[in-house]
Amino acid sequence: MWHFAVSVFLVELYGNSLLLTAVYGLVVAGSVLLLGALIGDWVDKNSRLKVARTSLVVQNSSVILCGVILMIIFLFKTQLLTLYHGWLLTLCYILVITIANIANLASTATAITIQRDWIVVVAGEDRSKLADMNATIRRIDQLTNILAPMAVGQIMTFGSPMIGCGFISGWNLMSMCVEYLLLWKVYQKTPTLARKSAKVEASELKQLNVKKESDMKPAEGVQLIMEKDVNGFEPQEQKEVGCTARIAEPFVTFRDGWVAYYNQPVFLAGMGLAFLYMTVLGFDCITTGYAYTQGLSGSVLSLLMGASAVTGIMGTVAFTWLRRKCGLIRTGLISGVAQFACLILCVISVFMPGSPMDLTVSPFADISARLFENEPLPTIASPESEMIFATGMPILLNGSITPANSDPEMNPEPVPLVSVSLLFAGVIAARVGLWSFDLTVTQLLQENVVESERGIINGVQNSMNYLLDLLHFIMVILAPNPEAFGLLVLISVSFVAMGHIMYFRFAQKSLGKQLFVCHTPDPKAAPDSSPPGNTSTV
């Protein structure tokens, strides 16, 4: 709920401008990109209950504090504007974004420890149970992504931003207590959660990475981690750490985390997932804004978002069924093919009637006109103008604002909906393959990453995801006009294709000639087989 609401509050706070929201998004992406490995390393070095408890308390406390500060700002914004020439209000903006960013970092730690570690231990050696639990968690995420914006929207519509802040603060206070009680129950019922492999020390990890760069096979590298003799490094642990070493420790951890991620046997699969974040073909603010320029109303968009959530849930069902029939790695391959096939509709939409794509229009024309030619920004239509959209936007035809009370004979022809319909049909249908592929890579990371490195490897994976997501926003900033959106679609589909090619290469290396031999995997691992978390079900 907070992830959706904070963007709305920041827009309301800054006079219906997206500036604070954009700054917040940049800070969040940059923080996870830089600190993802360090957060994962902290998860690895501490006990499971301590990590879950600390991250849960920090996350919810930050949200509660942020909500209180926002309430104060909404109440006394006029007075704050006059104090110290508005610098006090600017300081409040910085404080809100900083605390909200801390909440997001704590949420990242919570997701790593619960969804990447606890769930593996609870499932034990039963990989089918692990797959079902992963799918169930993803369904819950899909449902909350629908219900949370609806709840916040109703509160903001019939109440006020201040009431919304108070409600979210109270909700997080209550949910923090409930979540902690549930985690404590799971911890008590699963004694294995209390036992955790010792974190590989920085010096040990460094030597391990050096050995991995030799001629060893990936499987041998994983086995080596489990068979290491920790006693051989006791003298290093007894050495006194100097001030310089302490200062350099975060940078060493950052470097070693990325090197360890690169040396993972599932590196290509993780990179394939990260490349899917470099896309405009999702239900974010970019695609929503483009839909408005093509004449879709807010009510239609809400229905499309609901349909995408339904297909996302269908993807979780498809994942569990395909995994039972064909095995985990082949499930990712089939899901990737299904997603790419659906995205072909988006490529076709670029060349269909109604598509505003025009490569003769420079993507920088709008920016240069605003910055160098001193053209005024487009103004919002007057209140007397008739509004036809539920969102209150004027009639939009290929990005131009047309007064609703003008002469119909002088108005341009309505935008054909063939192009935008094909675009959203492809996006919605592709969610089945997307979420099935996402669950596949998630389980591959759970099964193939050694327990003592789960946190740092998944932290780096989150950093990679945010890096590609950041690049897709930069791509939109460079080509913001609707005429260039078709080009962005083609680039997005190309990155999705590259991601699935990486996964295909991983699958080929893992299964070899058995890649296209679909068979039902063994439901149970042999008692004397390698420990869970080192190999994947094929």
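Residue numbers here run from 1 along each chain, matching the order of that chain's written sequence. A pLDDT threshold of at least 70 governs which residues receive local features in this predicted model, and a stricter bar of 80 or more applies before side-chain atom pairs are shown or counted, although totals over entire chains, interfaces and linings include all residues. The side-chain numbers reported here are obtained from all heavy atoms of the structure, hydrogens and water having been left aside.

- Under an unreviewed UniProt entry, the name given to the chain is Solute carrier family 40 member, and the source organism is Malurus cyaneus samueli.
- The chain has a UniProt comment under Function (unreviewed entry) that states "May be involved in iron transport and iron homeostasis." UniProt positions are given in the numbering used here, feature names are shortened, and annotations may be inferred rather than shown by experiment.

1. Quick word on the overall build of the chain
Okay, so step 1: By the criteria applied, helices consist of DSSP H or I runs no shorter than four residues and strands consist of E runs no shorter than two, each listed in order from the N terminus. Scanning the chain from N- to C-terminus turns up 19 helices and two strands.
Okay, so step 2: Note on exposure labels: buried denotes an accessible area under 20% of the residue type's maximum, exposed denotes more than 50%, and partly exposed covers the range between, all computed with a 1.4 Å probe on protein chains only. Here the chain, with 538 residues, has 44% of them falling under the buried criterion.
Okay, so step 3: For this analysis, residues touch if any pair of their heavy atoms sits within 4.5 Å. For the chain, the proportion of contacts with a sequence separation of at least 24, taken over those separated by at least 6, is 84%.

2. Description of the pattern of salt bridges
Okay, so step 1: By salt bridge we mean one thing: a side-chain nitrogen of Lys or Arg within 4 Å of a carboxyl oxygen of Asp or Glu. Across all of its chains, the model carries eight salt bridges by this definition.
Okay, so step 2: As a salt-bridge pair, lysine 45 and glutamate 249 come within 3.5 Å of each other at their nearest N and O atoms. Residue lysine 45 is found in helix α2 (residues 19–45), and its partner glutamate 249 is found in helix α11 (residues 243–262); the two are separated by 204 residues along the sequence.
Okay, so step 3: Residue classification places glutamate 249 among the partly exposed residues on the basis of a relative accessible area of 34%.
Okay, so step 4: In the salt-bridge network here, residues are joined through shared partners; they are Arg48, Asp117, Glu451 and Arg454.

3. Focus on the packing of aromatic side chains
Okay, so step 1: Only Phe, Tyr and Trp rings are paired, with Trp represented by its six-membered ring, and only when their centres lie within 6.5 Å; those with planes under 30 degrees apart are stacked, over 60 edge-to-face, the remainder tilted. Enumeration according to the criterion identifies eleven aromatic pairs in this entry.
Okay, so step 2: An aromatic cluster is present here, built from Trp118, Trp184 and Tyr187 joined pairwise through their rings.

4. Section: a nonpolar patch on the surface
Okay, so step 1: A surface patch of nonpolar side chains, about 410 Å² in accessible area, is lined by Phe340, Ile344, Leu345, Ile348, Met352 and Val418.
Okay, so step 2: Broken down by element, the nonpolar patch gets its largest block of residues, four residues, from helix α15 (residues 328–350).
Okay, so step 3: Relative to the helices and strands, isoleucine 348 is located in helix α15.
Okay, so step 4: By relative accessible area, which is 38% here, isoleucine 348 ends up partly exposed. Think of a patch as exposed residues, more than 30% relative accessible area, with no salt bridge, where like charges cluster within 9 Å and nonpolar side chains (Val, Leu, Ile, Met, Phe, Trp, Tyr) cluster within 5 Å. For the accessible areas, the method is Shrake-Rupley and the probe is 1.4 Å, while residue cover comes only from the protein chains on display.

5. Here we look at the state of the cysteines
Okay, so step 1: Disulfides are defined in this document as cysteine sulfur pairs within 2.5 Å. The tally for this structure, following the rule as stated, stands at zero disulfides.
Okay, so step 2: The cysteine cysteine 342 is free of any disulfide, with cysteine 346 supplying the nearest cysteine sulfur at 8.7 Å.

6. Some remarks on the packing of helix α5 (residues 87–123) against helix α7 (residues 161–189)
Okay, so step 1: Axes here mean lines fitted to C-alpha atoms, for a helix over just the part in contact, with angles spanning 0 to 180 degrees between N-to-C directions. Close contact between α5 and α7 brings their axes to 10 Å; oriented N to C, the two are set at 35°. The two elements α5 and α7 meet at a crossing, and its hand is left-handed. Where α5 abuts α7, its residues Ile114, Trp118 and Val122 lie against Leu183, Val186 and Tyr187.
Okay, so step 2: Residues belonging to the contact of α5 with α7 are distributed by class as follows: six nonpolar, no polar and no charged. Crossings are assigned a handedness: left-handed for a near helix turned anticlockwise from the far helix by less than a right angle, right-handed for a clockwise turn. Think of it as three bins: nonpolar holds Ala, Val, Leu, Ile, Met, Phe, Trp, Tyr, Cys and Pro, charged holds Asp, Glu, Lys and Arg, and polar takes everything else, Gly as well.

7. A closer look at the nonpolar core
Okay, so step 1: Definition of nonpolar core: a set of buried residues of the types Ala, Val, Leu, Ile, Met, Phe, Trp, Tyr and Cys, connected through side-chain atoms within 4.5 Å. Core analysis: the largest hydrophobic core is formed by 64 residues, its most contacted members being Val280, Leu281, Phe424, Val489 and Tyr503.
Okay, so step 2: Counting residues per element, this core draws most heavily on helix α17 (residues 418–448), at twelve residues.
Okay, so step 3: Not counting chain neighbours up to four residues away, the residues in contact with leucine 281 comprise Leu343, Cys346, Leu423, Val427, Arg431, Val489, Ser492 and Val493.
Okay, so step 4: Formed by 27 residues, the second largest nonpolar core is a distinct cluster that contains Leu20, Val28, Ile97 and Cys165.

8. Some details on the environment of asparagine 101
Okay, so step 1: Considering the arrangement of structural elements, one finds asparagine 101 in helix α5.
Okay, so step 2: The class of asparagine 101 is buried, set by a relative accessible area of 9%.
Okay, so step 3: Residues asparagine 101 and serine 62 lie 39 residues apart in sequence; the distance between their C-alpha atoms is 8.9 Å.
Okay, so step 4: In this view, asparagine 101 contacts Tyr24, Val27, Val28 and Ser31; residues no more than four positions away in its chain are not counted.
Okay, so step 5: In terms of polar contacts, asparagine 101 uses its side chain to reach the side chain of serine 31, at 2.8 Å. Whenever two N or O atoms come within 3.5 Å, that pair is a polar contact, provided that in protein one can donate a hydrogen and the other can accept it, and provided that, for residues adjacent in sequence, both atoms are side-chain atoms.

9. Quick look at the confidence of the model for the chain
Okay, so step 1: On a scale of 0 to 100, pLDDT captures the predictor's confidence in every residue. With 75% of its residues at a pLDDT of 70 or more, the chain shows a mean pLDDT of 78.
Okay, so step 2: A low-confidence stretch, residues 374–410 (pLDDT under 50), is modelled with 50 contacts involving residues beyond four sequence positions or located in other chains.

10. Observations concerning the environment of glutamine 443
Okay, so step 1: Mapped onto the fold, glutamine 443 is located in helix α17.
Okay, so step 2: Not counting the four nearest positions on each side in its chain, glutamine 443 is found in contact with Arg127, Leu130, Ala131, Asn134, Phe319, Arg323 and Leu328.

11. Let's talk about the environment of serine 62
Okay, so step 1: The residue serine 62 is located in helix α3 (residues 48–75) in this model.
Okay, so step 2: With relative accessibility at 10%, the residue serine 62 sits in the buried group.
Okay, so step 3: With 110 residues separating them along the chain, serine 62 and asparagine 172 place their C-alpha atoms 9.7 Å apart.
Okay, so step 4: Residues within four places of serine 62 in sequence aside, it is in contact with Ile99, Ile102 and Ala103.

12. Quick notes on the side chain of serine 463
Okay, so step 1: When you line up the elements, serine 463 lands in helix α18 (residues 454–478).
Okay, so step 2: Looking at serine 463, its side chain comes within polar contact range of the main-chain oxygen of valine 32, at 2.8 Å.
Okay, so step 3: Excluding residues within four positions of it along the chain, serine 463 makes contact with Val32, Leu33, Gly36, Ala37 and Trp258.

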